[in-house]
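The residues making up each chain are set out below.
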Amino acid sequence: MTVGLFIPCYVDQFYPGAAIATLQLLEKLGVTVVYPPNQTCCGQPMANSGFEHLTGGCNRLFIDNFSGFDYIVSPSGSCVLHIREHLHDDKQPELAKTIAHQVWELTSFLTDVLKVESLPARFPHKVGVHQSCHGQRGLHLSSMTELVAPNFSKPGSLLNMVKDLELVELDRKDECCGFGGTFCVAEEAVSAKMGKDRVADHLKHGAEYITGADMSCLMHMEGILKRQGSKVKVLHIAEILNSEG
């Protein structure tokens with residue numbers, strides 16, 4: 001199995017540790033991983049701002065970079081959802097469709113494709129899990145509290161495999177953090193208040209770390225934590241699953 005490693009531009013620039021942990025974790029699990037060096041933004045910011053018609057270059061570049069892999073894996077639910085739902089190319093429509101269906105978010109790839117049942121990881125801390133909206137409602141990484149349905153969490157099931165890690169229960173476990181990509185720029189006051197509420201839930205229950213499958217949401221909450229002078233840290237789930245204690 002050969003996997004193309006799709007690293008979102010903001011992870012590459014601001015949180016390379018999440019990308020490195022993703023690579024190392026996949027290799028520990030026996031996956032052959034290739035990082036196409038010419039990859040760049042998938043086009044999600046433009047599409048979310050109403051300019052999807054200008055993402056043709058991004059689409060073509062993605063297709064050029066990621067053709068020929070068995071799977072494409074990324075540590076970002078929002079970018080994966082964008083590619084799955086919006087990747088297209090008028091000149092290569094079938095190839096674009098095939099590639100879109102090969103893209104997987106990291107935790108779902110581990111649970112649904114590799115079917116991981118144990119991990120050699122240790123992380124002796126109290127951890128709160130943030131369920132990002134794109135991952136939860138778009139990729140169905142976890143159940144939604146407003147539905148009368150069986151409870152599940154793919155990120156949570158993986159974290160439960162980590163030795164000495166204690167998951168904290170939140171009052172509102174699937175509430176939006178307010179980031180929303182360009183929403184945090186267009187509606188900064190609302191975005192900040194939502195983020196403060198989300199952070200407060202984790203602090204109330206004694207979390208030492210806040211983790212999740214989307215570094216963008218964690219980045220938003222990290223800014224709030226730093227402004228509040230909090231010692232609580234954010235860490236992408238790949239870094240916890242790859243940790244050795």
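None of these values were measured; they are calculated from a predicted model.

To continue, consider the nonpolar core. Membership of the largest hydrophobic core comes to 66 residues, with the highest contact counts inside it found for Leu26, Phe62 and Leu241. The element best represented in this core is helix H12 (residues 215–227), accounting for six residues. Split by domain, the residues of this core number at least three in each of domain 1 (2–113) and domain 2 (126–241). If we skip the residues at most four places from it in the chain, Leu26 touches Leu5, Val31, Val33, Val73, Leu106, Phe109 and Leu110.

Okay, the domain arrangement of the chain next. Domain boundaries in the chain define domain 1 (2–113) and domain 2 (126–241). Computed from C-alpha atoms alone, the centre-to-centre distance between domain 1 and domain 2 is 22 Å. Residue-level contacts link 27 residues of domain 1 with 20 residues of domain 2. The junction of domain 1 with domain 2 conceals about 1,900 Å² of combined surface from both sides, 69% of it contributed by carbon and sulfur atoms.

Once that is clear, we can look at the pattern of salt bridges. Counted according to the given criterion, the structure contains 11 salt bridges. Measuring nitrogen to oxygen at the nearest pair gives 3.4 Å for the salt bridge that ties Lys28 to Glu244. Placement of the pair is Lys28 in helix H2 (residues 16–28) and Glu244 in the segment after helix H13 (237–241), with a sequence separation of 216 residues. Residue class for Glu244 comes out exposed when judged on its relative accessible area of 64%. When salt bridges with common partners are traced through the structure, they connect Arg172, Glu175, Arg198 and Asp201 into a single cluster.

Strand order in this open sheet of four strands is S6-S5-S7-S8, and the pairing throughout is parallel. Lying at the two open borders of the sheet, with one neighbouring strand each, are strand S6 (166–167) and strand S8 (233–236). Where strand S5 (residues 126–130) and strand S7 (residues 209–212) come together, four bridges link them in parallel fashion. Each bridged residue has a counterpart across the sheet, and for Val129 the counterpart in S7 is Thr211.

Our focus in this paragraph is the packing of H2 against helix H7 (residues 106–113). Viewed as axis vectors pointing N to C, H2 and H7 meet at an angle of 10°, and their least axial separation amounts to 12 Å. Classed by the angle they form, the pair H2 and H7 counts as roughly parallel. Of the residues in H7, those touching H2 at Thr22, Leu25 and Leu26 are Leu106, Phe109 and Leu110. Looking at the contact of H2 with H7 residue by residue, the classes come out as five nonpolar, one polar and no charged.

Here the focus is the UniProt feature "domain: Cysteine-rich" (unreviewed entry) in the chain. Mapped onto this numbering, the UniProt entry gives "domain: Cysteine-rich" (unreviewed entry) at residues 3–84 and 127–221. In the segment residues 127–221, helix accounts for 42% and strand for 11%; the C-alpha atoms at its two ends are 14 Å apart.

The rules behind each value
Residues numbered from 1 in each chain as written. Predicted model: local features only at pLDDT ≥ 70, side-chain atom pairs only at ≥ 80, totals over all residues. Heavy atoms only, no water. Core = buried A, V, L, I, M, F, W, Y, C linked by side-chain atoms within 4.5 Å. Buried < 20%, exposed > 50% of the residue type's maximum accessible area, 1.4 Å probe, protein only. Helix = DSSP H or I, 4+ residues; strand = E, 2+ residues; numbered from the N terminus. Domains from an automatic or database assignment. Contact = heavy atoms within 4.5 Å. Buried area = accessible area lost by both parts, 1.4 Å probe. Salt bridge = Lys/Arg side-chain N within 4 Å of Asp/Glu carboxyl O. Pairing = 2+ DSSP bridges. Axes fitted to C-alpha atoms, helices over the stretch in contact; angles between N-to-C directions. Parallel < 35°, antiparallel > 145°, perpendicular 65-115°, else oblique. Nonpolar A, V, L, I, M, F, W, Y, C, P; charged D, E, K, R; others polar. UniProt positions renumbered as here; feature names shortened; annotations may be inferred.

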